[in-house]
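Residue strings, one per chain:
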Amino acid sequence: MGNIVVIGPRLSGKTTYLAALSYLPALRSQKGKDNNFKIQPLNDESRDLAESAENILVEGATFESTKIAEGGVDSLPYYSFQLQVKKGLFKKIENIQLNVRDYPGEVFEKIADRNLSDEIHQEFIDECLMADVRGCLILFTHWEHGTDKFYYKVMSQFIKLMDEKQRTQNLKLAVVMSKCERGELWPGRIDPETDLFGIHLPRTKTILQDSINPKNLRFYALSTFGVLHKNDPRPNRIDQAGSNGSESVLREPNSWQPYNLIEPLYWLSKV
Amino acid sequence: MGVIYIGDRAAGKTHLALELANPQSHYVKVIAPDYQYIKSLLYDENLQKTKPTEAFKSVYDQYLNVRVQLPTGNKEINSYWLDTAGEIWRKNWQTENNSQWQEFLTKIRESEGILLVLPPYRQLVHDQFNREDFITQQQWCNRFQRWVDFFRYDCPKIRHLLLCLNKADLFCNLQQEANILGYIPNRSHFNWQQRNQYVYDRYFSPIHPQIRELNKSISGLSVKFFITSIYNRSLLELPWLYLGSFLSK
(Lines give C-alpha, C1' and ligand atoms only; values in the text may rest on other atoms or scores of the structure.)
Protein backbone atom coordinates (compact mmCIF):
# COMPACT_ATOMS: atom_id res chain seq x y z
CA MET A 1 0.00 0.00 0.00
CA GLY A 2 1.51 3.29 -1.05
CA ASN A 3 0.74 6.63 0.45
CA ILE A 4 1.35 9.36 -2.04
CA VAL A 5 0.80 13.06 -1.72
CA VAL A 6 -0.05 15.35 -4.59
CA ILE A 7 1.34 18.82 -4.12
CA GLY A 8 1.90 21.86 -6.26
CA PRO A 9 1.10 25.54 -6.50
CA ARG A 10 -2.38 26.98 -6.96
CA LEU A 11 -4.04 26.21 -10.28
CA SER A 12 -1.53 23.53 -11.20
CA GLY A 13 -4.44 21.17 -11.83
CA LYS A 14 -4.15 18.79 -8.87
CA THR A 15 -7.86 18.18 -8.30
CA THR A 16 -8.59 17.98 -12.02
CA TYR A 17 -5.79 15.45 -12.37
CA LEU A 18 -7.20 13.29 -9.57
CA ALA A 19 -10.71 13.60 -10.96
CA ALA A 20 -9.54 12.42 -14.36
CA LEU A 21 -7.79 9.52 -12.67
CA SER A 22 -11.04 8.50 -10.95
CA TYR A 23 -12.96 8.88 -14.19
CA LEU A 24 -10.45 6.93 -16.27
CA PRO A 25 -12.30 3.59 -16.09
CA ALA A 26 -15.43 5.21 -17.55
CA LEU A 27 -13.40 7.06 -20.14
CA ARG A 28 -11.61 3.90 -21.24
CA SER A 29 -14.77 1.83 -21.43
CA GLN A 30 -16.40 4.47 -23.65
CA LYS A 31 -13.51 4.29 -26.04
CA GLY A 32 -13.24 0.52 -25.81
CA LYS A 33 -9.52 0.80 -25.17
CA ASP A 34 -7.32 -1.19 -22.91
CA ASN A 35 -3.70 -0.86 -21.99
CA ASN A 36 -1.14 -1.85 -19.39
CA PHE A 37 -2.68 0.11 -16.55
CA LYS A 38 -6.08 -0.12 -14.99
CA ILE A 39 -7.20 2.08 -12.17
CA GLN A 40 -10.31 1.82 -10.01
CA PRO A 41 -11.55 4.23 -7.37
CA LEU A 42 -11.75 2.39 -4.03
CA ASN A 43 -13.31 4.67 -1.45
CA ASP A 44 -16.39 6.93 -1.41
CA GLU A 45 -14.35 10.07 -1.91
CA SER A 46 -12.68 8.81 -5.07
CA ARG A 47 -16.00 7.51 -6.40
CA ASP A 48 -17.61 10.89 -5.72
CA LEU A 49 -14.73 12.50 -7.53
CA ALA A 50 -15.41 10.33 -10.59
CA GLU A 51 -19.01 11.56 -10.53
CA SER A 52 -17.84 15.14 -10.26
CA ALA A 53 -15.58 14.59 -13.26
CA GLU A 54 -18.65 13.63 -15.25
CA ASN A 55 -20.90 16.37 -13.91
CA ILE A 56 -18.33 19.15 -14.00
CA LEU A 57 -15.47 18.46 -16.42
CA VAL A 58 -17.44 16.64 -19.11
CA GLU A 59 -20.16 19.31 -18.92
CA GLY A 60 -17.69 22.10 -19.62
CA ALA A 61 -17.19 23.54 -16.15
CA THR A 62 -14.15 23.72 -13.86
CA PHE A 63 -13.45 22.56 -10.33
CA GLU A 64 -13.31 25.08 -7.55
CA SER A 65 -9.96 25.46 -5.82
CA THR A 66 -9.33 23.21 -2.82
CA LYS A 67 -9.47 25.15 0.42
CA ILE A 68 -8.52 24.19 3.94
CA ALA A 69 -11.63 23.88 6.07
CA GLU A 70 -11.80 24.26 9.81
CA GLY A 71 -10.81 20.65 10.44
CA GLY A 72 -7.28 21.34 9.12
CA VAL A 73 -5.40 18.79 7.06
CA ASP A 74 -7.64 15.93 8.24
CA SER A 75 -10.62 17.51 6.54
CA LEU A 76 -8.94 17.42 3.13
CA PRO A 77 -10.09 14.84 0.61
CA TYR A 78 -8.31 11.49 0.80
CA TYR A 79 -8.63 9.32 -2.29
CA SER A 80 -7.97 5.64 -2.54
CA PHE A 81 -7.31 3.78 -5.80
CA GLN A 82 -6.55 0.28 -6.89
CA LEU A 83 -3.92 0.27 -9.61
CA GLN A 84 -3.56 -2.83 -11.72
CA VAL A 85 -0.48 -3.15 -13.87
CA LYS A 86 0.32 -5.69 -16.53
CA LYS A 87 3.49 -5.00 -18.44
CA GLY A 88 4.33 -7.60 -21.09
CA LEU A 89 2.33 -10.56 -22.27
CA PHE A 90 3.56 -13.17 -19.81
CA LYS A 91 4.07 -10.95 -16.80
CA LYS A 92 2.01 -11.38 -13.67
CA ILE A 93 -0.57 -8.72 -12.90
CA GLU A 94 0.55 -6.36 -10.14
CA ASN A 95 -2.03 -4.87 -7.81
CA ILE A 96 -1.14 -1.71 -6.02
CA GLN A 97 -3.28 0.29 -3.63
CA LEU A 98 -2.69 3.99 -3.68
CA ASN A 99 -3.83 6.51 -1.14
CA VAL A 100 -3.60 10.07 -2.28
CA ARG A 101 -4.18 13.29 -0.39
CA ASP A 102 -5.05 16.44 -2.35
CA TYR A 103 -3.59 19.57 -0.76
CA PRO A 104 -4.54 23.17 -1.56
CA GLY A 105 -1.94 25.01 -3.61
CA GLU A 106 -1.71 27.92 -1.20
CA VAL A 107 -0.11 25.75 1.50
CA PHE A 108 2.48 24.54 -0.96
CA GLU A 109 3.32 28.08 -2.02
CA LYS A 110 3.82 29.07 1.60
CA ILE A 111 6.85 26.78 1.79
CA ALA A 112 8.81 29.57 0.11
CA ASP A 113 8.08 31.84 3.05
CA ARG A 114 10.55 30.56 5.63
CA ASN A 115 9.36 32.76 8.45
CA LEU A 116 5.84 31.57 8.21
CA SER A 117 4.80 28.91 10.63
CA ASP A 118 1.06 28.63 10.94
CA GLU A 119 -0.52 25.49 12.26
CA ILE A 120 -1.96 24.22 8.97
CA HIS A 121 1.30 24.74 7.18
CA GLN A 122 3.11 22.75 9.86
CA GLU A 123 0.51 19.97 9.68
CA PHE A 124 0.93 19.89 5.91
CA ILE A 125 4.71 19.53 6.12
CA ASP A 126 4.47 16.87 8.83
CA GLU A 127 2.00 14.84 6.83
CA CYS A 128 3.83 15.16 3.52
CA LEU A 129 7.07 13.98 5.00
CA MET A 130 5.77 11.29 7.33
CA ALA A 131 7.67 8.00 7.27
CA ASP A 132 4.83 6.08 5.60
CA VAL A 133 4.63 8.46 2.64
CA ARG A 134 6.38 6.75 -0.22
CA GLY A 135 6.49 9.61 -2.63
CA CYS A 136 5.37 13.05 -3.69
CA LEU A 137 3.86 13.93 -7.00
CA ILE A 138 4.82 17.55 -7.48
CA LEU A 139 2.84 19.34 -10.14
CA PHE A 140 4.29 22.46 -11.72
CA THR A 141 2.38 24.37 -14.31
CA HIS A 142 4.05 27.68 -15.13
CA TRP A 143 7.06 27.85 -17.37
CA GLU A 144 7.08 31.53 -18.28
CA HIS A 145 9.97 33.84 -17.42
CA GLY A 146 10.34 34.35 -13.67
CA THR A 147 8.60 31.21 -12.48
CA ASP A 148 11.82 29.21 -12.30
CA LYS A 149 13.02 31.54 -9.55
CA PHE A 150 9.89 30.99 -7.49
CA TYR A 151 9.82 27.21 -7.96
CA TYR A 152 13.53 27.10 -7.12
CA LYS A 153 12.84 28.92 -3.84
CA VAL A 154 10.01 26.56 -2.94
CA MET A 155 12.00 23.44 -3.79
CA SER A 156 15.16 24.47 -1.94
CA GLN A 157 13.06 25.04 1.15
CA PHE A 158 11.23 21.75 0.62
CA ILE A 159 14.56 19.90 0.37
CA LYS A 160 15.67 21.50 3.66
CA LEU A 161 12.49 20.29 5.30
CA MET A 162 13.07 16.80 3.85
CA ASP A 163 16.52 16.88 5.36
CA GLU A 164 15.18 17.89 8.77
CA LYS A 165 12.83 14.91 8.69
CA GLN A 166 15.55 12.55 7.40
CA ARG A 167 13.72 11.90 4.16
CA THR A 168 16.30 12.93 1.56
CA GLN A 169 17.33 9.33 0.91
CA ASN A 170 13.99 7.59 1.04
CA LEU A 171 11.30 9.85 -0.41
CA LYS A 172 10.64 9.59 -4.11
CA LEU A 173 9.80 12.74 -6.05
CA ALA A 174 7.96 12.64 -9.35
CA VAL A 175 8.33 16.18 -10.65
CA VAL A 176 5.71 16.86 -13.23
CA MET A 177 4.92 19.56 -15.74
CA SER A 178 1.14 19.55 -15.88
CA LYS A 179 -1.21 20.79 -18.62
CA CYS A 180 1.27 19.73 -21.32
CA GLU A 181 -1.43 19.94 -23.97
CA ARG A 182 -0.41 23.59 -24.32
CA GLY A 183 1.19 24.10 -27.70
CA GLU A 184 4.45 25.46 -26.28
CA LEU A 185 4.92 22.35 -24.14
CA TRP A 186 3.40 19.46 -26.08
CA PRO A 187 6.51 18.65 -28.19
CA GLY A 188 8.62 18.65 -24.99
CA ARG A 189 6.62 15.82 -23.44
CA ILE A 190 8.82 13.12 -25.05
CA ASP A 191 11.84 14.11 -22.95
CA PRO A 192 10.50 16.35 -20.20
CA GLU A 193 13.72 16.38 -18.19
CA THR A 194 15.63 18.02 -21.05
CA ASP A 195 12.98 19.81 -23.07
CA LEU A 196 10.66 21.09 -20.37
CA PHE A 197 12.58 21.34 -17.10
CA GLY A 198 16.03 21.82 -18.68
CA ILE A 199 14.80 24.64 -20.87
CA HIS A 200 12.10 26.38 -18.86
CA LEU A 201 12.94 25.57 -15.22
CA PRO A 202 16.72 24.97 -15.17
CA ARG A 203 17.42 26.19 -11.62
CA THR A 204 14.60 24.11 -10.19
CA LYS A 205 15.86 21.08 -12.05
CA THR A 206 19.45 21.59 -10.89
CA ILE A 207 18.64 22.00 -7.20
CA LEU A 208 16.60 18.82 -7.30
CA GLN A 209 19.29 16.84 -9.08
CA ASP A 210 21.97 18.13 -6.73
CA SER A 211 20.08 17.20 -3.59
CA ILE A 212 18.03 14.11 -4.32
CA ASN A 213 19.37 10.65 -4.93
CA PRO A 214 18.94 10.06 -8.70
CA LYS A 215 17.06 6.82 -8.12
CA ASN A 216 14.43 8.79 -6.19
CA LEU A 217 13.91 11.55 -8.73
CA ARG A 218 12.16 11.58 -12.08
CA PHE A 219 10.75 14.23 -14.34
CA TYR A 220 7.45 13.74 -16.14
CA ALA A 221 5.07 15.50 -18.48
CA LEU A 222 1.36 14.95 -18.12
CA SER A 223 -1.77 16.35 -19.59
CA THR A 224 -5.16 15.81 -18.01
CA PHE A 225 -7.09 17.18 -20.98
CA GLY A 226 -4.76 15.95 -23.71
CA VAL A 227 -4.94 17.05 -27.33
CA LEU A 228 -7.79 16.67 -29.80
CA HIS A 229 -6.35 13.72 -31.73
CA LYS A 230 -2.98 12.13 -32.35
CA ASN A 231 -2.97 13.80 -35.75
CA ASP A 232 -4.44 17.04 -34.44
CA PRO A 233 -2.27 18.35 -31.60
CA ARG A 234 -4.47 21.31 -30.78
CA PRO A 235 -5.07 21.41 -27.00
CA ASN A 236 -8.35 19.83 -25.93
CA ARG A 237 -9.05 22.84 -23.76
CA ILE A 238 -10.59 26.28 -23.89
CA ASP A 239 -9.30 29.09 -21.75
CA GLN A 240 -11.91 31.49 -20.50
CA ALA A 241 -11.81 34.54 -18.29
CA GLY A 242 -12.35 33.60 -14.69
CA SER A 243 -10.93 33.60 -11.25
CA ASN A 244 -7.22 34.48 -11.10
CA GLY A 245 -7.18 35.60 -14.71
CA SER A 246 -8.29 32.55 -16.62
CA GLU A 247 -9.58 29.05 -16.16
CA SER A 248 -9.57 26.13 -18.56
CA VAL A 249 -12.37 23.79 -19.51
CA LEU A 250 -12.46 20.66 -21.59
CA ARG A 251 -13.05 21.52 -25.24
CA GLU A 252 -14.38 18.27 -26.69
CA PRO A 253 -15.37 15.69 -24.08
CA ASN A 254 -15.84 13.05 -26.80
CA SER A 255 -12.17 13.36 -27.76
CA TRP A 256 -10.95 13.32 -24.16
CA GLN A 257 -7.71 11.39 -24.06
CA PRO A 258 -5.50 12.25 -21.06
CA TYR A 259 -1.77 11.86 -21.46
CA ASN A 260 0.49 10.02 -19.00
CA LEU A 261 -1.78 10.16 -15.93
CA ILE A 262 -0.67 6.91 -14.35
CA GLU A 263 3.03 6.47 -15.14
CA PRO A 264 4.31 8.86 -12.45
CA LEU A 265 2.06 7.29 -9.80
CA TYR A 266 3.16 3.82 -10.78
CA TRP A 267 6.82 4.78 -10.53
CA LEU A 268 6.23 6.39 -7.13
CA SER A 269 4.49 3.31 -5.82
CA LYS A 270 7.29 0.94 -6.82
CA VAL A 271 9.67 -0.04 -4.02
CA MET B 1 -24.15 26.73 4.43
CA GLY B 2 -26.62 26.64 1.58
CA VAL B 3 -27.74 28.87 -1.18
CA ILE B 4 -28.87 32.43 -0.79
CA TYR B 5 -30.94 34.63 -3.06
CA ILE B 6 -30.18 38.30 -2.98
CA GLY B 7 -31.09 41.24 -5.17
CA ASP B 8 -32.60 44.69 -5.33
CA ARG B 9 -36.20 45.55 -4.63
CA ALA B 10 -38.65 44.18 -7.19
CA ALA B 11 -35.97 42.19 -8.99
CA GLY B 12 -38.31 39.20 -8.74
CA LYS B 13 -36.52 37.09 -6.13
CA THR B 14 -39.57 35.82 -4.32
CA HIS B 15 -41.47 34.90 -7.45
CA LEU B 16 -38.43 33.12 -8.83
CA ALA B 17 -38.16 30.95 -5.73
CA LEU B 18 -41.90 30.31 -5.71
CA GLU B 19 -41.85 29.20 -9.34
CA LEU B 20 -38.91 26.94 -8.72
CA ALA B 21 -41.15 25.00 -6.35
CA ASN B 22 -43.84 24.63 -9.00
CA PRO B 23 -44.42 20.88 -9.47
CA GLN B 24 -44.37 21.29 -13.28
CA SER B 25 -40.65 20.77 -13.34
CA HIS B 26 -38.06 19.33 -15.71
CA TYR B 27 -34.80 18.49 -13.99
CA VAL B 28 -34.99 20.51 -10.79
CA LYS B 29 -37.58 19.63 -8.22
CA VAL B 30 -38.20 21.20 -4.87
CA ILE B 31 -38.97 18.20 -2.66
CA ALA B 32 -39.69 20.13 0.48
CA PRO B 33 -41.47 22.22 1.44
CA ASP B 34 -44.59 21.73 -0.61
CA TYR B 35 -45.49 24.21 -3.41
CA GLN B 36 -48.88 25.02 -1.89
CA TYR B 37 -47.25 25.78 1.44
CA ILE B 38 -44.68 28.12 -0.13
CA LYS B 39 -47.44 29.72 -2.19
CA SER B 40 -49.58 30.40 0.87
CA LEU B 41 -46.57 31.99 2.47
CA LEU B 42 -45.48 34.18 -0.40
CA TYR B 43 -48.39 34.73 -2.77
CA ASP B 44 -51.25 37.16 -2.37
CA GLU B 45 -54.23 35.54 -4.14
CA ASN B 46 -56.25 38.76 -4.05
CA LEU B 47 -53.60 40.87 -5.67
CA GLN B 48 -52.49 37.98 -7.92
CA LYS B 49 -48.83 38.65 -7.13
CA THR B 50 -46.14 37.81 -4.60
CA LYS B 51 -46.22 39.65 -1.32
CA PRO B 52 -43.39 42.14 -0.87
CA THR B 53 -40.81 40.70 1.52
CA GLU B 54 -41.27 42.54 4.77
CA ALA B 55 -38.40 44.70 5.86
CA PHE B 56 -38.69 43.88 9.55
CA LYS B 57 -37.99 40.27 8.71
CA SER B 58 -34.73 41.04 6.97
CA VAL B 59 -34.22 37.43 6.07
CA TYR B 60 -36.72 34.67 5.45
CA ASP B 61 -35.02 31.51 6.51
CA GLN B 62 -36.63 28.53 4.87
CA TYR B 63 -35.32 25.01 4.55
CA LEU B 64 -35.36 23.98 0.92
CA ASN B 65 -34.60 20.53 -0.30
CA VAL B 66 -33.93 20.57 -4.03
CA ARG B 67 -33.38 17.54 -6.22
CA VAL B 68 -31.47 18.01 -9.44
CA GLN B 69 -31.02 15.52 -12.23
CA LEU B 70 -27.36 15.51 -13.27
CA PRO B 71 -25.63 13.36 -15.88
CA THR B 72 -24.66 10.85 -13.18
CA GLY B 73 -28.18 10.69 -11.73
CA ASN B 74 -30.27 12.48 -9.15
CA LYS B 75 -28.62 14.53 -6.46
CA GLU B 76 -30.08 16.48 -3.61
CA ILE B 77 -29.08 19.91 -2.45
CA ASN B 78 -30.02 20.27 1.17
CA SER B 79 -29.97 23.96 1.63
CA TYR B 80 -31.52 26.91 3.31
CA TRP B 81 -33.24 29.28 1.06
CA LEU B 82 -32.75 32.75 2.37
CA ASP B 83 -34.81 35.45 0.80
CA THR B 84 -33.96 38.99 1.68
CA ALA B 85 -35.98 42.15 1.66
CA GLY B 86 -34.72 44.75 -0.79
CA GLU B 87 -34.64 47.32 2.00
CA ILE B 88 -31.72 45.75 3.78
CA TRP B 89 -29.35 47.03 1.11
CA ARG B 90 -30.05 50.61 2.09
CA LYS B 91 -27.35 52.17 4.23
CA ASN B 92 -29.80 53.75 6.69
CA TRP B 93 -31.57 50.41 7.19
CA GLN B 94 -28.22 48.76 7.93
CA THR B 95 -27.35 51.41 10.52
CA GLU B 96 -30.73 51.35 12.19
CA ASN B 97 -30.87 47.56 12.30
CA ASN B 98 -27.27 46.79 12.95
CA SER B 99 -27.73 43.45 14.72
CA GLN B 100 -29.99 42.10 11.96
CA TRP B 101 -27.54 43.32 9.35
CA GLN B 102 -24.67 41.53 11.10
CA GLU B 103 -26.77 38.38 11.36
CA PHE B 104 -27.40 38.55 7.62
CA LEU B 105 -23.72 39.09 6.85
CA THR B 106 -22.87 35.98 8.86
CA LYS B 107 -25.39 33.96 6.86
CA ILE B 108 -24.16 35.20 3.52
CA ARG B 109 -20.53 34.53 4.45
CA GLU B 110 -21.40 30.96 5.35
CA SER B 111 -23.38 30.30 2.19
CA GLU B 112 -21.84 28.13 -0.50
CA GLY B 113 -23.58 29.72 -3.44
CA ILE B 114 -25.12 33.13 -4.00
CA LEU B 115 -27.76 33.85 -6.60
CA LEU B 116 -27.81 37.55 -7.27
CA VAL B 117 -31.03 38.43 -9.03
CA LEU B 118 -30.76 41.51 -11.24
CA PRO B 119 -33.61 43.33 -13.00
CA PRO B 120 -33.16 44.25 -16.67
CA TYR B 121 -32.19 47.83 -17.52
CA ARG B 122 -34.21 50.27 -19.61
CA GLN B 123 -32.28 50.00 -22.89
CA LEU B 124 -32.55 46.22 -22.87
CA VAL B 125 -36.31 46.00 -22.41
CA HIS B 126 -38.42 45.59 -25.57
CA ASP B 127 -40.31 48.73 -26.52
CA GLN B 128 -43.76 47.18 -26.15
CA PHE B 129 -43.24 47.36 -22.38
CA ASN B 130 -43.13 50.53 -20.37
CA ARG B 131 -39.42 51.19 -20.31
CA GLU B 132 -39.81 54.08 -17.87
CA ASP B 133 -40.41 51.48 -15.17
CA PHE B 134 -36.80 50.34 -15.41
CA ILE B 135 -33.56 51.96 -14.37
CA THR B 136 -31.21 53.19 -17.07
CA GLN B 137 -28.15 51.26 -18.16
CA GLN B 138 -25.92 53.75 -16.37
CA GLN B 139 -27.88 53.40 -13.13
CA TRP B 140 -27.77 49.64 -13.52
CA CYS B 141 -23.98 49.69 -13.91
CA ASN B 142 -23.59 52.01 -10.93
CA ARG B 143 -25.74 49.72 -8.84
CA PHE B 144 -23.71 46.72 -9.92
CA GLN B 145 -20.53 48.49 -8.85
CA ARG B 146 -22.01 48.67 -5.35
CA TRP B 147 -22.51 44.89 -5.47
CA VAL B 148 -18.90 44.46 -6.52
CA ASP B 149 -17.80 46.51 -3.53
CA PHE B 150 -20.13 44.54 -1.26
CA PHE B 151 -18.63 41.20 -2.35
CA ARG B 152 -15.07 42.48 -2.25
CA TYR B 153 -15.25 43.99 1.20
CA ASP B 154 -18.03 42.14 3.00
CA CYS B 155 -17.70 38.57 1.72
CA PRO B 156 -14.27 38.08 0.20
CA LYS B 157 -14.45 34.30 0.59
CA ILE B 158 -17.45 33.51 -1.63
CA ARG B 159 -16.90 30.69 -4.10
CA HIS B 160 -19.95 30.61 -6.40
CA LEU B 161 -21.68 33.76 -7.52
CA LEU B 162 -24.46 33.28 -10.05
CA LEU B 163 -25.71 36.46 -11.70
CA CYS B 164 -29.28 35.98 -12.86
CA LEU B 165 -30.60 38.67 -15.18
CA ASN B 166 -34.24 38.15 -14.39
CA LYS B 167 -37.50 38.92 -16.21
CA ALA B 168 -35.93 37.65 -19.44
CA ASP B 169 -39.44 37.63 -21.00
CA LEU B 170 -39.12 41.42 -21.22
CA PHE B 171 -35.97 41.47 -23.29
CA CYS B 172 -35.56 38.29 -25.32
CA ASN B 173 -37.35 35.51 -27.12
CA LEU B 174 -37.65 33.07 -24.24
CA GLN B 175 -38.23 29.94 -26.27
CA GLN B 176 -35.43 30.68 -28.68
CA GLU B 177 -32.93 31.25 -25.88
CA ALA B 178 -34.17 28.22 -23.97
CA ASN B 179 -33.60 26.06 -27.05
CA ILE B 180 -29.99 27.16 -27.16
CA LEU B 181 -29.22 27.27 -23.47
CA GLY B 182 -31.48 24.56 -22.10
CA TYR B 183 -30.20 21.53 -20.27
CA ILE B 184 -30.92 17.96 -21.29
CA PRO B 185 -28.77 15.38 -19.49
CA ASN B 186 -26.06 14.14 -21.87
CA ARG B 187 -27.74 15.78 -24.89
CA SER B 188 -27.50 19.51 -24.27
CA HIS B 189 -26.86 21.82 -27.19
CA PHE B 190 -24.36 23.84 -25.14
CA ASN B 191 -22.09 22.92 -22.26
CA TRP B 192 -21.57 25.18 -19.21
CA GLN B 193 -18.66 27.02 -20.77
CA GLN B 194 -20.64 27.79 -23.93
CA ARG B 195 -23.77 28.83 -22.05
CA ASN B 196 -21.76 31.07 -19.83
CA GLN B 197 -19.89 32.72 -22.69
CA TYR B 198 -23.09 33.22 -24.68
CA VAL B 199 -25.00 34.90 -21.86
CA TYR B 200 -21.97 36.91 -20.71
CA ASP B 201 -21.32 38.31 -24.18
CA ARG B 202 -24.91 38.92 -25.10
CA TYR B 203 -26.50 40.29 -21.93
CA PHE B 204 -23.80 41.41 -19.52
CA SER B 205 -21.59 43.55 -21.75
CA PRO B 206 -22.18 46.85 -19.84
CA ILE B 207 -20.60 45.36 -16.72
CA HIS B 208 -17.65 43.50 -18.24
CA PRO B 209 -15.12 45.83 -16.53
CA GLN B 210 -16.74 45.22 -13.14
CA ILE B 211 -16.71 41.44 -13.69
CA ARG B 212 -13.01 41.59 -14.48
CA GLU B 213 -12.49 43.58 -11.30
CA LEU B 214 -14.44 41.02 -9.29
CA ASN B 215 -12.48 38.09 -10.72
CA LYS B 216 -9.23 39.85 -10.04
CA SER B 217 -10.02 40.82 -6.48
CA ILE B 218 -11.55 37.62 -5.07
CA SER B 219 -9.31 34.61 -5.42
CA GLY B 220 -11.11 31.34 -6.06
CA LEU B 221 -14.42 33.00 -6.96
CA SER B 222 -16.37 31.63 -9.88
CA VAL B 223 -18.86 34.09 -11.42
CA LYS B 224 -21.41 32.59 -13.82
CA PHE B 225 -24.11 34.26 -15.89
CA PHE B 226 -27.74 33.33 -16.44
CA ILE B 227 -30.95 34.79 -17.76
CA THR B 228 -34.05 33.74 -15.87
CA SER B 229 -37.78 34.11 -16.13
CA ILE B 230 -40.72 32.64 -14.26
CA TYR B 231 -42.28 31.97 -17.66
CA ASN B 232 -39.64 29.57 -18.84
CA ARG B 233 -38.83 26.48 -16.81
CA SER B 234 -35.60 25.61 -18.69
CA LEU B 235 -34.03 28.97 -18.01
CA LEU B 236 -35.31 29.02 -14.45
CA GLU B 237 -33.70 25.69 -13.62
CA LEU B 238 -30.26 26.38 -15.10
CA PRO B 239 -28.65 28.12 -12.09
CA TRP B 240 -29.72 25.24 -9.84
CA LEU B 241 -28.41 22.61 -12.21
CA TYR B 242 -25.09 24.41 -12.28
CA LEU B 243 -24.96 24.69 -8.51
CA GLY B 244 -26.06 21.07 -8.19
CA SER B 245 -22.86 19.87 -9.84
CA PHE B 246 -20.83 21.55 -7.13
CA LEU B 247 -22.93 21.64 -4.00
CA SER B 248 -24.83 18.40 -3.98
CA LYS B 249 -23.52 15.79 -1.64
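See above for the structure.
As the structure is a computational prediction, the values presented were derived from the model and not from experiment.

A. Fine view of the sheet that holds strand S5 (residues 133-140) of chain A. Residue and element names in this part refer to chain A. The strand order across the open sheet built from 7 strands is S2-S3-S4-S1-S5-S6-S7, with neighbouring strands paired in mixed fashion. Looking at which strands have only one partner, the edges of the open sheet turn out to be strand S2 (37-41) and strand S7 (217-221). Averaged over all adjacent pairs, the angle separating strand axes in this sheet is 25°, with direction ignored. The pairing of strand S1 (residues 2-7) with strand S4 (residues 94-102) spans 5 bridges and is classified as parallel. Note that in S4 the partner of Val-5 across the bridge is Arg-101. The sheet contacts of helix H6 (residues 192-200) involve S5, strand S6 (172-177) and S7, and relative to S7 the element is tilted by about 85°. Across the sheet, helix H7 (residues 202-211) is in contact with S5, S6 and S7; its angle to S7 comes to roughly 150°.

B. Representation of the side chain of Glu-127 of chain A. Residue and element names in this part refer to chain A. As for its position among the elements, Glu-127 is in helix H4 (residues 119-128). A polar contact of 2.5 Å, which involves the side chain of Glu-127, links it to the side chain of Tyr-103. In this structure Glu-127 touches Val-73, Asp-74, Arg-101, Tyr-103 and Val-133, once residues within four positions along its chain are discounted.

C. Just the interface of chain B and chain A, in detail. Counting residues at the interface gives 21 residues for chain B, matched by 21 residues for chain A. Across the chain B/chain A interface, buried area totals approximately 1,900 Å², and carbon plus sulfur atoms make up 42% of it. Contact with chain A buries surface across chain B, with Arg-159, Gln-193 and Phe-246 of chain B losing the most and accounting together for 29% of the total. Put simply, chain B and chain A have 2 salt bridges between them. One can count 7 residue pairs in polar contact (both at pLDDT 80 or more) joining chain B with chain A. Listing elements by their share of the side of chain B that touches chain A, those giving two or more residues are helix H7 (192-203) and helix H9 (233-247) of chain B.

D. Here's a closer look at the nonpolar core. Counting 121 residues, the largest nonpolar core has Ile-6, Phe-151, Leu-161, Phe-204 and Ile-227 of chain B as its most contacted members. Here the element with the most residues in this core is H9 of chain B; it accounts for 9 residues. If you look at the next biggest cluster of nonpolar residues, it comprises 39 residues, including Leu-76, Leu-161, Met-177 and Phe-219 of chain A.

E. The arrangement of the layout of surface pockets in detail. Here the second largest pocket defines a volume of roughly 900 Å³. Contributions of two or more residues to the lining of the second largest pocket are made by helix H1 (14-31), helix H3 (105-109), strand S10 (237-242) and strand S11 (245-250) of chain A together with H9 of chain B. Each residue belonging to the lining of the second largest pocket can be placed in one class, and the counts come to 10 nonpolar, 20 polar and 14 charged.

F. Unusual backbone geometry, seen in detail. All names here are of chain B. For the bond running from Ala-32 to Pro-33, omega is -5°, close enough to zero to count as cis. As for its placement among the helices and strands, Pro-33 is situated in the loop between strand S2 (28-32) and helix H2 (35-42). For Lys-167, which is not glycine, the phi torsion reads 60° and is therefore positive. Turning to its location among the elements, Lys-167 is positioned in the loop between strand S8 (160-165) and helix H6 (174-181).

G. Quick peek at the environment of Asn-179 of chain B. All names here are of chain B. Take Asn-179: it is sitting in helix H6. Asn-179 sits in the exposed class, given a relative accessible area of 52%. For the pair Asn-179 and Asp-149, spaced 30 residues apart in the sequence, the C-alpha separation amounts to 35 Å.

Rules behind the numbers
Residues numbered from 1 in each chain as written. Chains lettered and ligands numbered in written order. Predicted model: local features only at pLDDT ≥ 70, side-chain atom pairs only at ≥ 80, totals over all residues. Heavy atoms only, no water. Pairing = 2+ DSSP bridges. Helix = DSSP H or I, 4+ residues; strand = E, 2+ residues; numbered from the N terminus. Axes fitted to C-alpha atoms, helices over the stretch in contact; angles between N-to-C directions. Contact = heavy atoms within 4.5 Å. Polar contact = N/O pair within 3.5 Å; in protein donor to acceptor, adjacent residues only side chain to side chain. Buried area = accessible area lost by both parts, 1.4 Å probe. Salt bridge = Lys/Arg side-chain N within 4 Å of Asp/Glu carboxyl O. Core = buried A, V, L, I, M, F, W, Y, C linked by side-chain atoms within 4.5 Å. Buried < 20%, exposed > 50% of the residue type's maximum accessible area, 1.4 Å probe, protein only. 1 Å grid on protein atoms, 1.4 Å probe; cavity = no way out; pocket = protein on both sides within 12 Å on 5 of 7 lines; lining within 4 Å. Points joined across faces, edges and corners; volume = space filled by probe spheres on them. Nonpolar A, V, L, I, M, F, W, Y, C, P; charged D, E, K, R; others polar.

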